[in-house]
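This is what each chain is made of:
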Amino acid sequence: MTFCSHCGRELTDGSHESCRQALVMEPPRYCAECRRRMVVQVHPMGWTARCSAHGTVQS
Amino acid sequence: MGDIVDVAREQVLERGVGLSQEQLVEVLQTTDDRLPELLALAHEVRVKWCGEEIEVEGIISLKTGGCPEDCHFCSQSGQFTSPVRAVWLNIPELVQAAQETAATGATEFCIVAAVRGPDARLMSQVKAGIEAINAAVEINIACSLGMLTQEQVDELKAMGVHRYNHNLESARSYFPDVVTTHSFEERWETCLMVRESGMELCCGGLVGMGESLEQRAELAAQLAELEPHEVPLNFLNPRPGTPFGDMEVMDGKDALRTIAAFRLAMPRTVLRYAGGRELTLGDLGTRDGLLGGINAVIVGNYLTTLGRPATADLDLLAELKMPVKELQKTL
């Protein structure tokens with residue numbers, strides 16, 4: 001993983017502690033491999049996030 | 001003029017008459033040391049005029065993002081630099097979501113779209129979705145599709161939609177600070193049409209968006225004037241990239257005072273915890289609100305953010321000995 005899936009910045013750029021906290025209550029928005037914005041669908045009991053280059057991750 | 005809690009006890013609890021806007025300002029100005037007393041009264045009012053049951057609902061976004069409107073709190077506006085991308089949900093996933101929601105014991109399933117108002121494509125997708133859900137699972141279907149024409153109101157009614165959500169969002173006097181692409185009056189008009197149609201009206205708003213206490217009371221009074229069947233109460237969850245993205249999270253005690261005030265404004269309505277409660281109130285505050293006027297919850301996730309696990313809320317309701325409303329019953 002290279003990028004923060006919450007803010008999209010490089011993981012080496014800052015601590016991303018607030019991002020980690022935010023991801024408890026939010027799905028990821030950026031692909032951790034390429035930082036593309038992902039297509040995210042939130043369901044009542046879960047979520048899916050799809051990167052056009054790196055596929056789908058889900059809860 | 002007597003003490004506002006004593007006045008509310010006689011007026012709302014005993015007679016079932018909601019507080020006026022001026023009285024609600026007094027409620028919102030009560031001091032922290034009187035908050036437990038205020039919440040206890042709001043709970044008594046809820047139990048007396050609504051009963052013991054809690055209504056459980058799940059929500060799903062049918063069309064996410066790319067909205068032309070500029071509601072300053074919303075990450076789904078296409079006008080902001082929010083990371084939320086546009087996506088449509090397919091029918092099988094919609095049905096699966098309804099089934100998962102029903103499995104929690106929920107009686108309500110709300111289909112939501114981020115639009116100004118529905119076009120023919122969206123209405124067609126909603127119709128197909130409702131038919132597929134009805135064929136698969138027993139649950140009441142609600143919709144939230146923005147501003148409607150009379151023809152669309154009639155179509156949704158004919159589809160079997162039993163409740164329609166359209167929030168006022170904020171008080172009339174603060175609305176221009178929240179939305180500029182449409183007016184408070186346009187929202188009001190849709191609410192009136194829905195109510196007149198016989199569908200149940202679900203109409204609430206958000207607090208913690210920089211409005212004054214007076215404007216918070218104004219929102220409650222304007223909602224009371226509409227007499228909605230349900231009032232979803234949202235607390236601002238500041239979303240990155242939106243104009244309200246840098247706002248502070250609302251103080252928990254203010255949020256609880258607001259819950260009590262809304263209950264005392266509308267003793268008979270279904271007052272639902274909606275978005276932002278996890279951030280604003282946390283677990284302890286969630287419990288306090290359920291014992292302070294709330295009688296409905298959204299379980300599971302929201303439209304673009306996540307909620308507490310459904311089991312956490314259901315366990316809490318069981319612990320508080322609050323029965324969940326069953327299907328086919330009206331609160």
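Residues numbered from 1 in each chain as written. Chains lettered and ligands numbered in written order. Predicted model: local features only at pLDDT ≥ 70, side-chain atom pairs only at ≥ 80, totals over all residues.

Taking an unreviewed UniProt entry as the reference, chain B is identified by name as Biotin synthase belonging to Kribbella albertanoniae. Taken verbatim from the UniProt record of chain B, the Catalytic activity (unreviewed entry) comment is "(4R,5S)-dethiobiotin + (sulfur carrier)-SH + 2 reduced [2Fe-2S]-[ferredoxin] + 2 S-adenosyl-L-methionine = (sulfur carrier)-H + biotin + 2 5'-deoxyadenosine + 2 L-methionine + 2 oxidized [2Fe-2S]-[ferredoxin]". Under the Subunit (unreviewed entry) heading, UniProt states for chain B: "Homodimer." (UniProt positions renumbered as here; feature names shortened; annotations may be inferred.)

Looking at an unreviewed UniProt entry, chain A carries the name Biotin synthase auxiliary protein, with the source organism given as Kribbella albertanoniae. Turning to chain A, the UniProt record has this under Sequence similarities (unreviewed entry): "Belongs to the BsaP family." In its Function (unreviewed entry) section, UniProt records this for chain A: "Required for the activity of the biotin synthase BioB."

Caption draft 1: The arrangement of the overall build of chain B in detail. Scanning chain B from N- to C-terminus turns up 11 helices and 10 strands. The C-alpha atoms of chain B give a radius of gyration of 19 Å, which matches the 20 Å a tight globule of 331 residues would have. Each principal axis of the C-alpha distribution contributes one length, and for chain B these read about 55 × 40 × 35 Å. Every one of the 331 residues in chain B was classed for burial, and the buried ones make up 53%. Here the contacts in chain B between residues at least 6 apart in sequence split such that 80% fall between residues at least 24 apart. (Helix = DSSP H or I, 4+ residues; strand = E, 2+ residues; numbered from the N terminus. Rg over C-alpha atoms; globule rule 2.2 N^0.38 Å. Buried ≥ 20, exposed ≤ 12 C-beta atoms within 10 Å, placed from the backbone. Contact = placed C-beta atoms within 7 Å.)

Caption draft 2: View of the nonpolar core. One finds Leu24(B), Ala220(B), Ala261(B), Leu264(B) and Ala265(B) to be the most contacted residues of the largest nonpolar core, which totals 107 residues. With eight residues, helix H9 (residues 252-265) of chain B is the largest single contributor of residues to this core. (Core = buried A, V, L, I, M, F, W, Y, C linked by C-beta atoms within 7 Å.)

Caption draft 3: Summary view of the pairing of strand E3 (residues 108-113) of chain B. All names here are of chain B. Buried residues dominate E3, accounting for six of its six residues. Here E3 shows two buried faces, one formed by Glu108, Cys110 and Val112 and the other by Phe109, Ile111 and Ala113. Here six bridges tie strand E1 (residues 55-64) to E3, and the two strands are oriented parallel to one another. Bridge assignment links Gly58 to a residue of E3, and that residue is Phe109. The sheet contact formed by E3 and strand E4 (residues 140-144) spans five bridges and is parallel. Each residue of the ladder has a partner; that of Val112, found in E4, is Ser144. You can see the chain leave E3, run along helix H5 (residues 120-136) and come back into E4, and the turn it takes is right-handed. (Pairing = 2+ DSSP bridges. Right-handed = clockwise from strand over helix to strand, strands pointing away.)

Caption draft 4: Spatial organisation of the interface of chain B and chain A. With 22 residues of chain B at the contact, the number on the chain A side is 15 residues. Elements supplying a minimum of two residues to the side of chain B that touches chain A: E1, helix H4 (91-103) and helix H10 (277-290) of chain B. Counting residues per element, the side of chain B that touches chain A draws most heavily on E1(B), which supplies five residues. In terms of residue class, the side of chain B that touches chain A is built from 11 nonpolar, eight polar and three charged. (Nonpolar A, V, L, I, M, F, W, Y, C, P; charged D, E, K, R; others polar.)

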